[in-house]
There are 2 protein chains.
Amino acid sequence: METVRLRLDIAYDGTAFSGWSKQPGLRTVQEVIEDAIATLVRHPDLEVRLVVAGRTDAGVHATGQVAHIDLTEQQWRAIAAARRGATTEASLTRRLNGIIAATAKDVVISRVTVAPEGFDARFSPLWRRYEYRIADATSGHDPRRRAHTLWHPSALDEAAMDAAARSLRGLHDFAAFCKPREGATTVRTLLDYEWTRDAEGVLIATVRADAFCHSMVRALVGAAVAVGLGKLEHDELTRILDAAVKANAFPVVAAKGLTLVEVAYPPDAELGARAELTRARREPVGRASDPSD
Amino acid sequence: METVRLRLDIAYDGTAFSGWSKQPGLRTVQEVIEDAIATLVRHPDLEVRLVVAGRTDAGVHATGQVAHIDLTEQQWRAIAAARRGATTEASLTRRLNGIIAATAKDVVISRVTVAPEGFDARFSPLWRRYEYRIADATSGHDPRRRAHTLWHPSALDEAAMDAAARSLRGLHDFAAFCKPREGATTVRTLLDYEWTRDAEGVLIATVRADAFCHSMVRALVGAAVAVGLGKLEHDELTRILDAAVKANAFPVVAAKGLTLVEVAYPPDAELGARAELTRARREPVGRASDPSD
């Protein structure tokens, strides 16, 4: 049967969620959106399943999350019927947000589009970009943004953090920064990692990679904070990376400061090839082995 | 008796507050901070009274609020005694935040300083600056920032809003934008009023004046929104301003989008003279007549 694949661009405040992935008895972003889609297609009991670019942990936020969902012809017709056939992407987005807003204020669907041929939210991405926010002793502490900013009591040396961050870029085995998981590769390309201060003096990390292993961004940030405090020397950090075993020289920082801000896809013509390439690379270990992408 | 005047720079998320000003049975910013200071000076039942630059309404936020408080010698000594005399401004700030954080997560004291001679948080300011945030149909809707951003369902014409805003600048009788209050002047100098979009496309109003009458910023924003929707013509807005009577051609917008971001004071040597000038100008009507400054 013919199916219609929709791409959803999604933003959420992760504070009140037990992460993206559906779990029995817990409030998750996936469940809120899947329930809304089931309502939209007028089959509240129908199974609809979202496939996501980044399975964020509990407390992690997103402004640029991407997911896809396959609708059967019957489901797609149910949506169209409700509007006498006049289903535009804009009206779909509006209707889905209307359903969600009735029960959840912390999720927004930025856009619904019919996905181009070959598009796979999880396997087609070129890279994911995260941001981590830290207000330290030298910056303003804005209570309006406290749920998505880590407040650090002392001052951090951002030049040292930025230098350390940049030194970690490139293709490496990031096992030192990954929660170990049998059979899963920890080799990643860290395309970007830098620290700056914004206009309010808040430290902002930009972390961009083809994909991330579990808790990798928060470990990379924890390492930089240790450097910023003078507790970890730059060359020690290099040795930790090279050793490629889970390190305990620095803590994994809190989820609240972390936001998935962008997922980048190749041009439409290359979507299918990219997905196949990613799948081939991860095939031996299966999907369960790579939870956070 | 000699008193010590302290200046407090304050930030708060206004969402869970019934505004700044103490009111029986309601949670207010003033009460949270006054209670914390009473604890700090070890006289929990002692009357301490904060004087503030901008008496913000329920739901309005602040990142740059300023207040002062006068401590008696006895109170000041009580603070010093707790630290064996080593009372620095930094340690005072830390201790006050520690007391507040035990019960409130939505207020931060950015800094406590001993105020210079002649300083008056309410009467010395040269100007107050507010910011108003609107996410419209053409901008991103960031759920992390939903408690301090107005979400407007349709697209707003920011060029028209900016032009209208700029035309309101200058010394005028702003009665059209003020909740009337007997005996209170509505003549103000609007030093700045402009609309821009930030990196996420969110509309940001900057509104700066020597002082504001009650609900003035939210009426100025409401007028601009009406212009941005094409519901109010630019020249009609000019006529409304000139008429100088409370207008109903536009609504007062929601408090949640509004933040007091800065209060500017003159150089120390001019603080006293500035306060006297302001007091003389407002004296005939008394303090109760001018609630939002």
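Caption draft 1: Molecular detail of the relation of the copies chain A and chain B. Overlay of chain A on chain B (RMSD 0.0 Å): rotation 180°, translation along the axis 0.0 Å. Viewed as a symmetry operation, the transformation between the two copies matches a two-fold axis. Within chain A, arginine 145 of chain A has its C-alpha nearest the rotation axis, a separation of 3.5 Å.

Caption draft 2: Seen up close, the packing of helix H4 (residues 158–167) of chain A against helix H5 (residues 216–228) of chain A. Residue and element names in this part refer to chain A. One way to put it is that H4 packs onto H5 with a least axis distance of 8 Å and a crossing angle of 135°. The angle between H4 and H5 places the two elements in the oblique class. The chirality of how H4 crosses H5 is right-handed. Listed contacts from H5 to Glu158, Ala160, Met161, Ala164 and Ala165 of H4 are Ala224, Val227 and Gly228. Split by residue class, the contact of H4 with H5 holds six nonpolar, one polar and one charged.

Caption draft 3: Expanded view of the interface of chain A and chain B. Of the residues lining the interface, 18 residues belong to chain A; the matching set on chain B comes to 18 residues. For the side of chain A that touches chain B, the elements supplying multiple residues, two or more each, are strand E1 (3–12), strand E3 (61–72) and strand E4 (107–114) of chain A. Here the element with the most residues in the side of chain A that touches chain B is E4 of chain A; it accounts for three residues. Partitioning the side of chain A that touches chain B into residue classes produces six nonpolar, six polar and six charged.

Caption draft 4: Broad picture of the environment of alanine 247 of chain A. Residue and element names in this part refer to chain A. Within the secondary structure, alanine 247 is located in the loop between helix H6 (234–243) and strand E10 (258–264). Separated by 157 residues in the primary sequence, alanine 247 and alanine 90 have C-alpha atoms spaced 47 Å apart. Those residues in contact with alanine 247, other than ones at most four positions away along the chain, are Ala176 and Ile240.

Caption draft 5: Layout of helix H3 (residues 89–101) of chain A. All names here are of chain A. Counted at 1.5 Å a residue, the expected span for H3 with its 13 residues is 18 Å, and the 18 Å between its end C-alpha atoms agrees. Listed as buried for H3 are Leu92, Leu96 and Ile100. Taken end-on, H3 shows its buried residues confined to a sector of 65°, consistent with a single buried face. In H3, those exposed residues whose orientation departs by more than 90 degrees from the buried face are Ala90 and Gly98.

Caption draft 6: Molecular detail of the packing of H4 of chain A against H6 of chain A. Residues and elements named next belong to chain A. Contact geometry for H4 and H6: axes closest at 10 Å, N-to-C directions at 25°. The orientation of H4 relative to H6 falls into the category roughly parallel. For the pair H4 and H6, the crossing hand works out as right-handed. Here Ala163, Ala164 and Ser167 of H4 lie close against H6, whose contacting residues are His234, Leu237 and Thr238. Along the lines of polarity and charge, the residues of the contact of H4 with H6 split into three nonpolar, three polar and no charged.

Caption draft 7: A look at the nonpolar core. One finds Ala67, Met216, Val217, Leu220, Ala223 and Ala224 of chain A to be the most contacted residues of the largest nonpolar core, which totals 83 residues. Take this core: its biggest share by element is ten residues, from H5 of chain A. Viewed by domain, this core spans two of them, domain 1 (3–123) and domain 2 (127–263) of chain A, each represented by three or more residues. The residues contacting alanine 67 of chain A, other than those within four sequence positions of it, are Leu8, Ile10, Leu50, Val51, Val52, Ala53 and Ala121 of chain A. Formed by 81 residues, the second largest nonpolar core is a distinct cluster that contains Val66, Val107, Tyr132 and Met161 of chain B.

Caption draft 8: Region of interest: the domain arrangement of chain A. Residue and element names in this part refer to chain A. Segmenting chain A into domains produces domain 1 (3–123) and domain 2 (127–263). Computed from C-alpha coordinates alone, the two centres of domain 1 and domain 2 are separated by 30 Å. Contact with domain 1, which involves 15 residues of that partner, is made by eleven residues of domain 2. Taken together, the residues of the side of domain 1 that touches domain 2 sort by class into five nonpolar, eight polar and two charged.

Caption draft 9: Region of the structure containing the pairing of strand E5 (residues 127–135) of chain A. All names here are of chain A. With respect to burial, E5 is a largely interior element, seven of its nine residues being buried. Inspection of the sheet shows E5 paired to E10 by six bridges, in the antiparallel sense. Bridging from a neighbouring strand, tyrosine 132 pairs with leucine 258 of E10. Alignment of E5 against strand E9 (residues 203–209), held across seven bridges, turns out to be antiparallel. Across the sheet, the residue bridging to tyrosine 132 is alanine 205, located in E9. Direction of pairing for E5 relative to strand E6 (residues 150–151): parallel, over a ladder of two bridges. Bridge pairing links alanine 135 to tryptophan 151 in E6.

Rules used in this analysis
- Residues numbered from 1 in each chain as written.
- Chains lettered and ligands numbered in written order.
- Predicted model: local features only at pLDDT ≥ 70, side-chain atom pairs only at ≥ 80, totals over all residues.
- Least-squares fit on C-alpha atoms with pLDDT ≥ 70 in both.
- Axes fitted to C-alpha atoms, helices over the stretch in contact; angles between N-to-C directions.
- Helix = DSSP H or I, 4+ residues; strand = E, 2+ residues; numbered from the N terminus.
- Parallel < 35°, antiparallel > 145°, perpendicular 65-115°, else oblique.
- Left-handed = near helix turned anticlockwise from the far one by under 90°.
- Contact = placed C-beta atoms within 7 Å.
- Nonpolar A, V, L, I, M, F, W, Y, C, P; charged D, E, K, R; others polar.
- Expected span 1.5 Å × (residues − 1).
- Buried ≥ 20, exposed ≤ 12 C-beta atoms within 10 Å, placed from the backbone.
- Arc of directions from axis to C-beta.
- Core = buried A, V, L, I, M, F, W, Y, C linked by C-beta atoms within 7 Å.
- Domains from an automatic or database assignment.
- Pairing = 2+ DSSP bridges.

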